[in-house]
Amino acid sequence: MSVEDCRLIDVPSFSDPRGNLSFVEGGGHIPFDIARVYYIWNIPEQAVRGAHGHRELQQFIIPASGSFNVVLDDGRQTRTVHLDRPDQGLYICPMIWRDVTQFSDGAVCLALASLPYDEADYFRDYREFLDEASRRER
Ligand code: T46
């Protein structure tokens with residue numbers, strides 16, 4: 001798994017005089033079935049969310065409102081993705097350390113996740129993440 005496996009995916013959207021509607025179907029528009037939805041809101045501008053990696057979890061992150069950056073790190077390279085379109089999200093594969101930063105005023109980070117919440121899936125320690133990433137490379 002590498003930061004190159006993380007990609008932007010356009011979300012199908014309908015526009016009419018009443019506004020816009022976008023939708024995501026698990027296994028169709030994104031490469032996993034959706035087991036959980038969470039969203040982060042009322043975020044102070046200087047906040048850093050994330051700062052961890054996941055062993056197995058896949059996620060699709062949508063800026064439902066406003067904008068923010070996602071800094072992806074696979075242990076070998078990093079890549080920063082700016083999200084600012086509610087009709088486009090970022091697919092994040094397993095074994096990626098991520099920092100979510102630079103939140104705009106009123107930003108809402110909507111996340112679709114492939115698994116229920118499980119603290120055991122998290123790397124909260126960067127050194128431990130790097131060790132596992134290099135072990136999986138071998
Ligand atoms: C990620 C980034 C972008 C739950 O009880 N259930 C949940 O589904 C989640 C996501 C969190 N929590 C609890 C665990 C913590 O006590 O909510 C608290 C805050 O979670 P955390 O510090 O992990 O929040 P973020 O914003 O740093 O990270 C979250 C996701 O955990 C993570 O998977 O990629 O958003």
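Just above, that's the structure.
Read on for an overview of the structure. Every value quoted in this text rests on a predicted model; they were computed, and no experiment measured them.

1. Describing the overall build of the protein
Counting secondary structure elements, the protein contains one helix and 12 strands. Starting at the N terminus and ending at the C terminus, the protein contains elements arranged as β-β-β-β-β-β-β-β-β-β-β-β-α. Rg of the C-alpha trace for the protein: 15 Å, near the compact-globule value of 14 Å for 138 residues, within the 12% margin. On the principal axes, the C-alpha backbone points of the protein span a range of 55 × 35 × 25 Å. Here the protein, with 138 residues, has 41% of them falling under the buried criterion. Total accessible area on the protein stands at roughly 7800 Å², and carbon and sulfur atoms take up 48% of it. Charge separation in the protein, taken as the distance between the mean sites of 14 positive and 22 negative side-chain charges, equals 3 Å.

2. Description of the pairing of strand 11 (residues 108–113)
For a regular strand, side-chain orientation follows a simple rule: the groups alternate between the two sheet faces. Of the strand pairs in this sheet, strand 4 (residues 36–40) and strand 11 are connected by five bridges, and their pairing is antiparallel. Bridge pairing in strand 11 places Tyr 39 opposite Leu 110. Sheet topology note: the strand 6 (residues 59–65)/strand 11 ladder contains six bridges and is antiparallel. The residue bridging Ile 62 from the neighbouring strand is Leu 110, located in strand 11.

3. Overview of the pairing of strand 3 (residues 19–22)
In this structure, strand 2 (residues 13–16) lies alongside strand 3, joined through four bridges in antiparallel fashion. Within strand 3, the residue paired with Ser 15 across the bridge is Asn 20.

4. Re the site of the ligand
Looking at the ligand, there are 13 residues lining it, with Arg 36, Arg 49, Gly 50, His 54 and Tyr 122 nearest. The separation between an oxygen atom of the ligand and a polar side-chain atom of Arg 124 is 3.3 Å. For the ligand, whose free accessible area comes to 640 Å², the fraction covered by protein is 67%. Elements supplying a minimum of two residues to the shell around the ligand: strand 4, strand 5 (49–54) and strand 10 (97–101).

5. Structural notes on the packing of aromatic side chains
For the structure shown, the criterion picks out eight aromatic pairs. One Lys or Arg, Arg 55, reaches over the ring of Phe 123 and ends 4.1 Å from the middle of that ring.

6. Observations regarding the nonpolar core
Counting 28 residues, the largest nonpolar core has Phe 60, Phe 68, Val 70, Leu 72, Leu 90 and Ile 92 as its most contacted members. Elements that contribute at least two residues to this core include exactly strand 6, strand 7 (68–73), strand 8 (78–83), strand 9 (88–92) and strand 11. Filtering out sequence-adjacent residues up to four positions away, Leu 72 remains in contact with Val 3, Cys 6, Gln 77, Thr 78, Arg 79, Val 81, Leu 90, Ile 92, Ile 96, Trp 97 and Arg 98.

7. Some thoughts on a nonpolar patch on the surface
Together, Ile 34, Val 37, Tyr 39 and Trp 41 give the surface a local cluster of nonpolar side chains, amounting to about 450 Å² of exposed area. Looking at the element boundaries, Val 37 is found in strand 4. With a relative accessible area of 48%, Val 37 lands in the partly exposed category.

What counts and how
- Residues numbered from 1 in each chain as written.
- Predicted model: local features only at pLDDT ≥ 70, side-chain atom pairs only at ≥ 80, totals over all residues.
- Heavy atoms only, no water.
- Helix = DSSP H or I, 4+ residues; strand = E, 2+ residues; numbered from the N terminus.
- Rg over C-alpha atoms; globule rule 2.2 N^0.38 Å.
- Buried < 20%, exposed > 50% of the residue type's maximum accessible area, 1.4 Å probe, protein only.
- Areas by Shrake-Rupley, 256 points an atom, 1.4 Å probe, with all protein chains shown as cover.
- Lys, Arg positive; Asp, Glu negative; His and termini not counted.
- Charge placed at Lys NZ, Arg CZ, Asp CG, Glu CD.
- Pairing = 2+ DSSP bridges.
- Near = heavy atom within 4 Å.
- Polar contact = N/O pair within 3.5 Å; in protein donor to acceptor, adjacent residues only side chain to side chain.
- Phe/Tyr/Trp six-rings, centres within 6.5 Å; stacked < 30°, edge-to-face > 60°.
- Lys NZ or Arg CZ within 6 Å of the ring centre and 35° of its normal.
- Core = buried A, V, L, I, M, F, W, Y, C linked by side-chain atoms within 4.5 Å.
- Contact = heavy atoms within 4.5 Å.
- Patch = residues over 30% accessible without salt bridge, like charges linked within 9 Å, V, L, I, M, F, W, Y side chains within 5 Å.
- Salt bridge = Lys/Arg side-chain N within 4 Å of Asp/Glu carboxyl O.

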